[in-house]
There are 2 protein chains.
Amino acid sequence: MTSARDRPTLEEVARRAGVSRATVSRVVNGSTTVAPPIQEAVRRAVRELGYVPNLAARTLVTQRTDSIALVLPETATRVFSDDPLFPGIVRGVSQELEAADRQLVLMMAGSAASHDRIERYAMGRHVDGVMFASMHGMDPLPGTLARIGMPAVCSGRPLAAGAAAAVPYVDIDHVTGVASAIQHLLDAGRQRIATIAGPQDMVAGIERLAGYRQALRGSRHRSIVAVGDFTRESGAIAMRQLLDDDPALDAVFVASDLMADGALRTLREAGRRVPDDVAVIGFDDAEFARYTDPPLTTIRQPIIDIGREMVRLLLKLAEGKPVEEALILPTHLVVRDSA
Amino acid sequence: MTSARDRPTLEEVARRAGVSRATVSRVVNGSTTVAPPIQEAVRRAVRELGYVPNLAARTLVTQRTDSIALVLPETATRVFSDDPLFPGIVRGVSQELEAADRQLVLMMAGSAASHDRIERYAMGRHVDGVMFASMHGMDPLPGTLARIGMPAVCSGRPLAAGAAAAVPYVDIDHVTGVASAIQHLLDAGRQRIATIAGPQDMVAGIERLAGYRQALRGSRHRSIVAVGDFTRESGAIAMRQLLDDDPALDAVFVASDLMADGALRTLREAGRRVPDDVAVIGFDDAEFARYTDPPLTTIRQPIIDIGREMVRLLLKLAEGKPVEEALILPTHLVVRDSA
DNA sequence: ATGAAAGCGCTAACAG
DNA sequence: CTGTTAGCGCTTTCAT
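Note that the structure is a prediction, hence the values are computed from the model and not measured.

Residue and element names in this part refer to chain B. Inspection of the secondary structure assignment puts Ile303 in helix H13 (residues 303-318). As a C-alpha pair, Ile303 and Val90 span 213 residues in sequence and 9.4 Å in three-dimensional space. Dropping the residues within four chain positions of it, Ile303 is found in contact with Pro84, Leu85, Gly88 and Ile89.

Following this line, the structure appears as structure tokens:
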């Protein structure tokens, strides 16, 4: 087997083609200022030797790697669960990166050790920029990267301390989305509207709960809250708590479709008819939400666009251009049979 | 914002600590041959300056990156579908890489352009080794990488031309697994056993169909074949074809659980009872296969272990140690109500 | 135990 | 249009 070390370098290609290293470099990088016959000679030498540029060497001088990281602070199990968030973000990011001819480096960090490794990786400039999604708590990494000049962008407003270097982010209008859901329930004459909130260490969890509280504040309905962690199972459990809390509730806004699906199961087991006895509204407009029984009324968010916009912001940042601090995408209610 | 270029280098740390670059390098890399007081001085300088090693520079001299790529020649949509193969592989790979303190770089290549970019990325030595899973057709990339000395490992026997540099692989014993499924059906007295095969440009598709044919060859049952592409939808369609072909069939072996789920739907729509009228056996032992109606009898394969073993092989290869050419993991039948 | 010096392979001024 | 030259930031002998 050919060893790693005896691969041809620019130098050897140059010698073989009878030109200088610089000329070979020009040809390899597509400069047009090289005479056609020489170009041909160089290309032949490259082919014959099987030359491939050493990216580390190139990066050392150009200071760029042409690759971008997407960091998901979750375990692989979670990332590949049926939560529609991850595929959506990854698809949006992939599309846009493809167009920019940049390589996507997907990094999952479900543990402290892997989080550290990613920090070293990014700080070490293995990538030209870093995107974060599904962040928990007040992760200082985005701010740290921004501070040392590594372009960073978040999906969802970063919860990190205000003093931190500002990290641009893309998010959706949680509050307005939730407001329209609650309004829909109110219009239908629902009296006791509960909510199953998302985890309170994530922006999406916090904002959607805030939206619920704010929407109810106007009316004289009291709030009834249970908290889940965006998984289907937690939704089922939370629904049970809600039913214990207030057996007479007649509507529930659930902060994710996955949890809403779990809630549906609990309601079915409890003998409640949906939407006759209890109306249910989810959040995400996941594919499967059309096939639940009954199909879920839900709040649609443009997940793919979040991915795309993150890339746009990041590439701008990487070019040193100024970028808006936040980009808030709209949401809208999709009415189906469950409410 | 701090620009990328004015980050401190070893040189500056050295100056600040009043030592040479070499000494700083030793401390940063944990060499023990540095006097404690000097170590302390260096560490302080590193902290004060916020020094982070430039990985490209390090890579240039050490010829290693401490990161490993996992290439999935599929679109993001497919990778994040509910096919249990991907999460399983990624989990196994992650676990093992975590233990080895290597960074996983996950690369999806659903298009020709992205496949090319990955080729450049790997050939350019951005990573120390490359693992491939879910390969289609005769992708020459693994062989090419192996030939230039880049460690490469596949999940599933590579279909590429025999003359190619040998790429070690991890696979499962498809044929034996399928044989036990067919035997189970035969033992139950099934007379007309059909199959829904996987795509014939993938090893798993080819081998499982071969297993089916081989198993039937012994008996005097004729084979009835329809081909899908491992998606749920294709399973539903293939089942319809099968029913048209031979309305009297009383059993079907399906090459993946996802397709089996689709087949179940078609059978239900066609008014066939499972397993009374038609027995169904799937492949993969996906989580959801326990919750289908009826629960699927299926063939379990140790997917996570495939990921782990790929990493083991790769790390060995990267150390220049010899490795076995193939590692075949066992499968076994999990009997549930569908057969 | 520490420092000096020689590259790793490449790009980018700058001359010519 | 092409070659010369000077590094990019780091590790690693080899001396001391």
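Having put the structure on the table, let's press on.
The subject of this paragraph is the pattern of salt bridges. In total, this model carries 59 salt bridges over all chains according to the counting rule given. A salt bridge links Glu74 of chain A to Arg78 of chain A, with the nearest nitrogen and oxygen atoms 3.5 Å apart. Of the two residues examined, Glu74 of chain A and Arg78 of chain A, each falls in the buried class. Here Glu40 of chain B ties to Arg47 of chain B by a salt bridge, and the two come within 3.8 Å at their closest N and O atoms.

This next bit is on the relation of the copies chain B and chain A. A rotation about some axis, followed by a shift along it, carries one copy of the chain onto the other. Once chain B is rotated about the relating axis by 180° and shifted along it by 0.0 Å, it coincides with chain A to within an RMSD of 0.1 Å. Here the copies are linked by what is in effect a two-fold axis. An overlap of 100% is found between the interface residues of chain B and their copies at the interface of chain A, pointing to a shared contact surface.

A separate point is the interface of chain B and chain A. Each partner contributes to the interface: chain B provides 51 residues, whereas chain A provides 51 residues. Here chain B packs against chain A, burying approximately 4500 Å² in sum over the two surfaces, 57% of which is carbon and sulfur. Considering only the surface of chain B that becomes buried against chain A, Phe80, Gln103 and Arg117 of chain B emerge as the three largest contributors, covering 15% of it. Remark: the boundary between chain B and chain A carries six salt bridges. Asp101 of chain B serves as the salt-bridge partner of Arg117 of chain A, at 2.9 Å between the closest nitrogen and oxygen. In this structure, the connection of chain B to chain A is made through 15 residue pairs in polar contact (both at pLDDT 80 or more). Top contributing element to the side of chain B that touches chain A by residue count: helix H7 (residues 112-123) of chain B, with seven residues.

The subject of this paragraph is the UniProt feature "domain: HTH lacI-type" (unreviewed entry) in chain A. The UniProt feature table records "domain: HTH lacI-type" (unreviewed entry) at residues 8-62 of chain A. What you have in residues 8-62 of chain A is 69% helix and 0% strand, and the ends, taken at the C-alpha atoms, are 21 Å apart.

With that settled, consider helix H4 (residues 55-62) of chain B. For H4 of chain B, every residue scored as buried is listed here: Leu55, Ala56 and Thr59 of chain B. Down the axis of H4 of chain B, the smallest arc covering the buried residues is 95°, so these residues share one side. The elements touched by buried residues of H4 of chain B are helix H4 (55-62) and helix H7 (112-123) of chain A. At the N-terminal end of H4 of chain B, a side-chain oxygen is found 2.8 Å from the backbone nitrogen of Ala56 of chain B, two or three residues along, and the residue is Asn54 of chain B. Taken from the residues just after H4 of chain B, Gln63 of chain B is the one with a positive phi, measuring 65°.

Take the side chain of Thr331 of chain B next. All names here are of chain B. Assignment of secondary structure puts Thr331 in the loop between strand E11 (326-329) and strand E12 (332-334). On the basis of relative accessibility, which here comes to 15%, the residue Thr331 falls in the buried class. Within the structure, the side chain of Thr331 is placed 3.4 Å from the backbone oxygen of Asp173, a separation counted as a polar contact. At a separation of 3.5 Å, a polar atom in the side chain of Thr331 contacts the main-chain amide nitrogen of Gly177. Here Thr331 is in contact with Ile172, Asp173, Gly177, Phe283, Ile299, Arg300 and Gln301, once residues within four sequence places are set aside.

Lining the immediate environment of DNA strand D, one finds 28 residues, of which Arg26, Ala35 and Ile38 of chain A together with Leu10 and Tyr51 of chain B sit closest. In DNA strand D, atoms within 4 Å of the protein come 61% from sugar and phosphate. A distance of 2.5 Å separates a base oxygen of DNA strand D from a polar atom in the side chain of Arg26 of chain A. Within the backbone of Asn54 of chain B, an N or O atom sits 3.1 Å from a phosphate oxygen of DNA strand D. Ranked by the residues each element gives to the surface near DNA strand D, the list is headed by H4 of chain B, at five residues. Looking at side-chain class alone, the surface near DNA strand D contains 14 nonpolar, nine polar and five charged residues.

Procedures and definitions
Residues numbered from 1 in each chain as written. Chains lettered and ligands numbered in written order. Predicted model: local features only at pLDDT ≥ 70, side-chain atom pairs only at ≥ 80, totals over all residues. Heavy atoms only, no water. Helix = DSSP H or I, 4+ residues; strand = E, 2+ residues; numbered from the N terminus. Contact = heavy atoms within 4.5 Å. Salt bridge = Lys/Arg side-chain N within 4 Å of Asp/Glu carboxyl O. Buried < 20%, exposed > 50% of the residue type's maximum accessible area, 1.4 Å probe, protein only. Least-squares fit on C-alpha atoms with pLDDT ≥ 70 in both. Buried area = accessible area lost by both parts, 1.4 Å probe. Polar contact = N/O pair within 3.5 Å; in protein donor to acceptor, adjacent residues only side chain to side chain. UniProt positions renumbered as here; feature names shortened; annotations may be inferred. Arc of directions from axis to C-beta. Near = heavy atom within 4 Å. Nonpolar A, V, L, I, M, F, W, Y, C, P; charged D, E, K, R; others polar.

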